[in-house]
Amino acid sequence: MSTTIAAATVTRLAALPTATISDALDSLGLHGTLQGIAPLTFDFRAVGPAFTVQYEPAGMERGSVGDFLDDVPPGSIILIDNQGRTDVTVWGGIMTEIAASQGIAGTVINGVCRDVSTSLQQGYPLFSCGRFMRTGKDRVRLVSVGSGLTINDVRVSPADIICGDADGALAVPYAFAERIADIAERIEETETRIIAAVKNGSTLVQARRDLGYHDLQWKS
């Protein structure tokens, strides 16, 4: 997939709800939903290629948090795996300020964040398993940047498309992104037509039957 096509596909996915994209993933038998990760506010929406970051417990070594930010391309979604830990944070106010100024599209964390008010003030999209004030500095260490991650049984590779909105976050495999966009757009159109049909006098059962609603998630 060329850079031009990838950018166009990101734009298309950005116009779609994660619920519809999830249905499209189901139709291809793909598992991409990042369970347990939610936005700080329902207004947050973010779509972009994944910039992957992996942490692990620091042990006896001193660890740092956030030094990778200098290397994140604008428009990326930073995807951080801190193994779902809720006792130490791996994202805070300094990182939010810098990420927002560098045009990074958002951050998705398998773990917790802090300095929530900064994210809300900046309007910087932040998705996490929760919030907690205890620093991860010297408690976790950076293991890898730009490597594949497995979060809640979902394998995510760098450049896979991360999508987040009020319903949570998911990953669209890069190789399937264009096809997923095609399917999701058809699903969205079908659901819009069902609503219109019911408003024009059809029953919901009949509208769903006529427009093939129950076949939308059949594996293609």
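In this text, all values refer to a predicted model and were calculated from it rather than measured experimentally.

## So, the pattern of salt bridges
Tallying each qualifying case throughout the model produces six salt bridges. In this structure, R12 engages D182 in a salt bridge whose closest nitrogen and oxygen atoms are separated by 2.5 Å. Of this pair, R12 sits in helix α1 (residues 3–14) while D182 sits in helix α5 (residues 177–199), placing them 170 residues apart in sequence. Note on D182: relative accessible area 32%, which makes it partly exposed.

## Some words on the packing of aromatic side chains
Taken as a whole, this structure holds two aromatic pairs when the rule is applied. Ring geometry for F51 versus F68: centroids 6.2 Å apart, planes at 25°, classification stacked. Of the two residues, F51 sits in strand β2 (residues 46–57) while F68 sits in the loop between β2 and β3 (77–81), which places them 17 residues apart along the sequence. Each member of the pair F51 and F68 is classed as buried. Look at W91 and Y124: their rings are 6.0 Å apart centre to centre, the planes differ by 5°, and that puts the pair in the stacked class. Of the two residues, W91 is situated in the loop between β3 and α3 (93–101) and Y124 in the loop between α4 (116–122) and β6 (126–128); the sequence distance between them amounts to 33 residues. As far as burial versus exposure is concerned, W91 and Y124 are alike and both buried.

## Brief notes about α3
Of the residues making up α3, those classed as buried are G93, M95, T96 and A99. Projected onto a plane normal to the axis of α3, the buried residues spread over an arc of 160° and lie on a single side. Facing away from the buried side of α3, by more than 90 degrees, are the exposed residues I94 and S101. Buried residues along α3 sit in contact with α4. A positive phi of about 75° marks G103, the residue just after α3.

Analysis parameters
- Residues numbered from 1 in each chain as written.
- Predicted model: local features only at pLDDT ≥ 70, side-chain atom pairs only at ≥ 80, totals over all residues.
- Heavy atoms only, no water.
- Salt bridge = Lys/Arg side-chain N within 4 Å of Asp/Glu carboxyl O.
- Helix = DSSP H or I, 4+ residues; strand = E, 2+ residues; numbered from the N terminus.
- Buried < 20%, exposed > 50% of the residue type's maximum accessible area, 1.4 Å probe, protein only.
- Phe/Tyr/Trp six-rings, centres within 6.5 Å; stacked < 30°, edge-to-face > 60°.
- Arc of directions from axis to C-beta.
- Contact = heavy atoms within 4.5 Å.

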